[in-house]
Amino acid sequence: MFVCSGKQARSIDQRASEKYNIPSLDLMEQAAIECWKQLQSYKEKKLMVLCGPGNNGGDGMALARLAIQDGFNVIVSYIGTTMSQSQQVQYQRLQKMNIPILEDMESIHNSIQQAEILIDCIFGNGCNREVRGNYKTIIDWMNASNKEIIAIDVPSGLNADTGKEMGVCVHATQTLALDCFKEGMFIEDGPRS
């Protein structure tokens, strides 16, 4: 089992892009493909992919697209004000396929109640400040829903280095770690997330 810090994981991605000329968008697609493979047993369930800003949200958008193309019943939501360049591409791909993307809080709340499986792509391994505002509200809704929650890479709100909850943290049923396991998953609040 390969365990690294969140900083090391980000460095691995950066090195893949800079040294080996693997674009961030390709890394995102590969992450989505591998996660999609792990979700095959959920094909008959109603999934909700909750995407935040940044590349973890982009992973979620790519994952949602692949699942929808494979006949899954998927709701996609986005909460945020900024997107990475790769995430913008994923967002545009969903739009071109006429896949609705929920962005208002009421619709997101209602959909959390309707979904059977929640897929957490709000924050990735770079979460290092307290989770507040709409992000906190959505994570609270997810945790209170009593639904199965699958976190992609790291449960949102968990510091991948220290293992501390950053005010609030998704309590995932399972986590699909990308690249490697993060140290924070095994220390402090990590084992409970």
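In what follows, the structure referred to is the one given above.
In what follows, the accompanying structure is described.

Conventions and cut-offs
- Residues numbered from 1 in each chain as written.
- Predicted model: local features only at pLDDT ≥ 70, side-chain atom pairs only at ≥ 80, totals over all residues.
- Heavy atoms only, no water.
- Pairing = 2+ DSSP bridges.
- Helix = DSSP H or I, 4+ residues; strand = E, 2+ residues; numbered from the N terminus.
- Contact = heavy atoms within 4.5 Å.
- Axes fitted to C-alpha atoms, helices over the stretch in contact; angles between N-to-C directions.
- Patch = residues over 30% accessible without salt bridge, like charges linked within 9 Å, V, L, I, M, F, W, Y side chains within 5 Å.
- Areas by Shrake-Rupley, 256 points an atom, 1.4 Å probe, with all protein chains shown as cover.
- Salt bridge = Lys/Arg side-chain N within 4 Å of Asp/Glu carboxyl O.
- Buried < 20%, exposed > 50% of the residue type's maximum accessible area, 1.4 Å probe, protein only.
- Arc of directions from axis to C-beta.
- Expected span 1.5 Å × (residues − 1).
- Right-handed = clockwise from strand over helix to strand, strands pointing away.

**Observations regarding the sheet that holds strand 7 (residues 174–176)**
Here is step 1: The strand order 4-3-2-5-6-7 describes an open sheet built from six strands, whose pairing is parallel. Among the strands making up the open sheet, the edge pair consists of strand 4 (101–102) and strand 7.
Here is step 2: Where strand 3 (residues 73–78) and strand 4 come together, two bridges link them in parallel fashion. By the bridge assignment for strand 4, Val76 is matched with Ile101.
Here is step 3: Here helix 3 (residues 55–69) sits on the sheet in contact with strand 2 (46–51), strand 3, strand 5 (117–121) and strand 6 (148–152), set at roughly 155 degrees to strand 3.
Here is step 4: Contacts from helix 5 (residues 105–114) reach strand 2, strand 3, strand 4 and strand 5, with the element oriented near 145 degrees to strand 2.

**What to know about unusual backbone geometry**
Here is step 1: Although it is not a glycine, Asn98 sits at a positive phi angle of roughly 60 degrees.
Here is step 2: Along the chain, Asn98 falls in the loop between helix 4 (85–96) and strand 4.
Here is step 3: Positive phi values are uncommon outside glycine, yet Asp153 reaches one of about 80 degrees.

**Digging into a nonpolar patch on the surface**
Here is step 1: A contiguous nonpolar patch, built from Val3, Phe181, Phe186 and Ile187 and spanning about 310 Å² of accessible area, is present on the exposed surface.
Here is step 2: You can see Val3 is positioned in strand 1 (residues 3–4).

**Looking at helix 5**
Here is step 1: Taken residue by residue, helix 5 has Met105, Ile108, Ser111 and Ile112 as its buried positions. Down the axis of helix 5, the buried side of the element spans an arc of 130 degrees, and every buried residue falls inside it.
Here is step 2: Along its buried surface, helix 5 packs onto strand 2, strand 3, strand 4, strand 5 and helix 6 (133–144).

**A look at helix 3**
Here is step 1: Between its first and last C-alpha atoms helix 3 spans 21 Å; for 15 residues at 1.5 Å apiece the expected length is 21 Å, and the two agree.
Here is step 2: Taking burial as the measure, the 15 residues of helix 3 include 12 buried ones, the bulk of the element.
Here is step 3: Among all positions in helix 3, only Asn56, Gly57, Gly58, Asp59, Gly60, Met61, Ala62, Leu63, Ala64, Arg65, Leu66 and Ala67 are buried.
Here is step 4: Contact partners of the buried residues in helix 3: helix 2 (24–38), strand 2, strand 3, helix 4, strand 5 and strand 6.
Here is step 5: Positive backbone phi, at 90 degrees, marks Gly71, one or two positions downstream of helix 3.

**Comments concerning the environment of Gln90**
Here is step 1: Assignment of secondary structure puts Gln90 in helix 4.
Here is step 2: Along the primary structure Gln90 and Asn55 are separated by 35 residues, whereas in three dimensions their C-alpha atoms are 9.8 Å apart.
Here is step 3: Apart from residues lying up to four places away in sequence, Gln90 is in contact with Leu25, Met28, Glu29, Gly58, Met61, Ala62 and Arg65.

**A word on the pattern of salt bridges**
Here is step 1: One pass over the structure, following the stated rule, counts seven salt bridges.
Here is step 2: The salt bridge partner of Glu34 is Lys37, with a shortest N-O separation of 3.3 Å. Within this pair, Glu34 and its partner Lys37 are both found in helix 2, separated by three residues, close to a single helical turn.
Here is step 3: Close ionic contact of Asp70 with Lys43 constitutes a salt bridge, the shortest N to O distance being 3.5 Å. Residue Asp70 is located in the loop between helix 3 and strand 3, and its partner Lys43 is located in the loop between helix 2 and strand 2; the two are separated by 27 residues in the primary sequence.
Here is step 4: Classification of Asp70 by relative accessible area gives partly exposed; the value is 24%.
Here is step 5: The class for Lys43 is partly exposed, based on a relative accessible area of 31%.
Here is step 6: What emerges from the salt-bridge pattern is a single network uniting Glu29, Arg65 and Arg93.

**Focus: the pairing of strand 2**
Here is step 1: Buried residues dominate strand 2, accounting for five of its six residues.
Here is step 2: Relative to strand 3, strand 2 is paired through six bridges, and the arrangement is parallel. Paired with Cys51 across the bridge in strand 3 is Tyr78.
Here is step 3: One crossover worth recording links strand 2 to the parallel strand 3 by way of helix 3, and it is right-handed.
Here is step 4: Sheet topology note: the strand 2/strand 5 ladder contains five bridges and is parallel. Pairing of Leu50 across the sheet is with Asp120, part of strand 5.

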